[in-house]
Amino acid sequence: MATRVVLVRHGQSSYNAAGRIQGRCDNSQLTDRGAADAVKVAAALNGIPFAAAYCSPLQRAKRTAEIIIEQIETPPALAVSDGLLEVDLPLWEGLSREEVRSQYAELYRQWHEAPHELVLTVPDGQGGSREHAPVLALFEQARQFWKDLLERHRDQTVLLVAHNGILRSLIATALGVDPSAYQVIRQSNCGISVLNFADGTNQPAQLECLNLTAPLGDALPDRGASSGVRLLLVRHGETDWNRQKRFQGQIDIPLNDNGRAQARSAAEFLAPIQIDFAVSSPMARPKETAELILERHPNCELSVDDRLQEIGHGLWEGKLEEEIAAEFGELLQLWKDQPEQVQMPEGENLQEVWDRSVAAWEAIVANAPEGSTGLVVAHDAVNKVILCHVLGLSPADIWSIKQGNGAVTVVDYPKRLDSRPVLQAMNLTLHLDGAVLDRTAAGAL
């Protein structure tokens, strides 16, 4: 059993529309667009058996939650929680971003480049002042919220409706992401994310989906005013061995019919997106997935990079989990508990996969033209270590990342490799079967 938490950011607010900083100010109201998007979110979430729902007390989030609950066929009870309040930015609330950038230039730079170091000097109401670290305080708030929620809702599915900052912090603390990476995690208005807690209480969690916006009519989150480089990271479609949960590794198993259908669904999903270049693992299953996607982009050439091939499972390749358990029982258990410590018999370890995959990924970013969008198609383990790298995690954390067959992930580099990336969306699978939750075979790893 597992505890599943679906997180939704509130719909567009009046301050969002005006480009103003909100924080804990409660003057900002849900716009008509925000309300309409909340209805679309409810339609996407219908059928998920929520045991409970929680929202921030701030009206933009509370109204979003109320609209969603009103539209769900079997609505859960809605509770208001101060643990879901937005980041506290008392000096900036109500100001436009341009005003904050002008009046608090160094602090605003720190907010974006080193949010964990940001400290505001705030009047205490008694003629003095106090020091306030908004991001560090928000992370502590998030940790306490998880402690309370997971004890109360073990093995249940729960809906949370809140704000950009607190949702980033909840996702980060659930995964063990450092506060320095606060700005790496994107949350769009009415974007949907999903976290799974395997035993109901213990962390880290698994990030199943991040910032799904397709139900709103936006296939992918916008890239804002930044140019830089956008990479669309896709896992190959299903193979027969994925379906059987057989370890594939570097055995070159082709796509099955469902895998080709998944690749065509990904192609349809990405058809409106301009793709300027494409790179794939040389193995048959990702290469065919890439080729099917690129049928909708006939002017885009596909190159391959050997460093993106799947982890070498060595003597485990071709075997089912029960067969590996019979021969390598202790090592298989170690793989589940501490994967970074496993040297695959006559195969690779995760650090070797990390070194070659991240090197390939960074070379792609470094060589991409400014403002371009690239397609990268690879494998479960490869995609997981790349995403751990993006989030500032380590090889020990690969089980915190989910990659479904045919899933799409979006990573932006606003300033190429000169600044941290932004994980705009992850493991999007709605285009495969119309469901928010990932129902792909996934396979053995």
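Given the structure is predicted, the values throughout are model-derived calculations rather than measurements. (Residues numbered from 1 in each chain as written. Predicted model: local features only at pLDDT ≥ 70, side-chain atom pairs only at ≥ 80, totals over all residues. Heavy atoms only, no water.)

Draft legend 1. Molecular detail of the overall build of the protein chain. When you go through the protein chain residue by residue, the secondary structure sums to 14 helices and 14 strands. The C-alpha atoms of the protein chain give 22 Å as radius of gyration, which agrees with the globular expectation for 445 residues (22 Å, within 12%). In the protein chain, which comprises 445 residues, the share counted as buried stands at 58%. Partitioning the contacts of the protein chain with sequence separation of at least 6, the portion at a separation of at least 24 is 73%. (Helix = DSSP H or I, 4+ residues; strand = E, 2+ residues; numbered from the N terminus. Rg over C-alpha atoms; globule rule 2.2 N^0.38 Å. Buried < 20%, exposed > 50% of the residue type's maximum accessible area, 1.4 Å probe, protein only. Contact = heavy atoms within 4.5 Å.)

Draft legend 2. A look at the domain arrangement of the protein chain. By domain assignment, the protein chain separates into domain 1 (3-86 + 137-216) and domain 2 (229-428). Listed by partner, the interface residues are 19 residues for domain 1 and 17 residues for domain 2. Between domain 1 and domain 2, a total of about 1500 Å² is buried, with carbon and sulfur atoms accounting for 56% of that surface. Broken down residue by residue, the surface that domain 1 buries against domain 2 is led by Val184, Leu207 and Leu210, which jointly contribute 34%. At the boundary of domain 1 and domain 2, one finds zero salt bridges. Per-element accounting of the side of domain 1 that touches domain 2 gives the leading share, seven residues, to strand β8 (residues 206-212). (Domains from an automatic or database assignment. Buried area = accessible area lost by both parts, 1.4 Å probe. Salt bridge = Lys/Arg side-chain N within 4 Å of Asp/Glu carboxyl O.)

Draft legend 3. Region of the structure containing the UniProt feature "site: Transition state stabilizer" (unreviewed entry) in the protein chain. The positions that UniProt labels "site: Transition state stabilizer" (unreviewed entry) are, in the present scheme, His379. Locating histidine 379 in the fold gives a position in the loop between β12 (373-378) and α13 (380-391). Excluding anything up to four places from it in sequence, histidine 379 contacts Arg235, His236, Ser281, Met283, Arg285, Pro286, Leu308, Gln309 and Glu310. Engagement of the side chain of histidine 379 in a polar contact is seen with the backbone nitrogen of glutamate 310, the distance being 3.5 Å. (UniProt positions renumbered as here; feature names shortened; annotations may be inferred. Polar contact = N/O pair within 3.5 Å; in protein donor to acceptor, adjacent residues only side chain to side chain.)

Draft legend 4. Summary view of the state of the cysteines. Applying the stated rule across the entire model yields zero disulfides. Unpaired in this structure, cysteine 25 has its nearest cysteine sulfur neighbour in cysteine 55, at a distance of 17 Å. By relative accessible area, which is 12% here, cysteine 25 ends up buried. Accessibility expressed as a relative area gives 0% for cysteine 55, which makes it buried. (Disulfide = S-S within 2.5 Å.)

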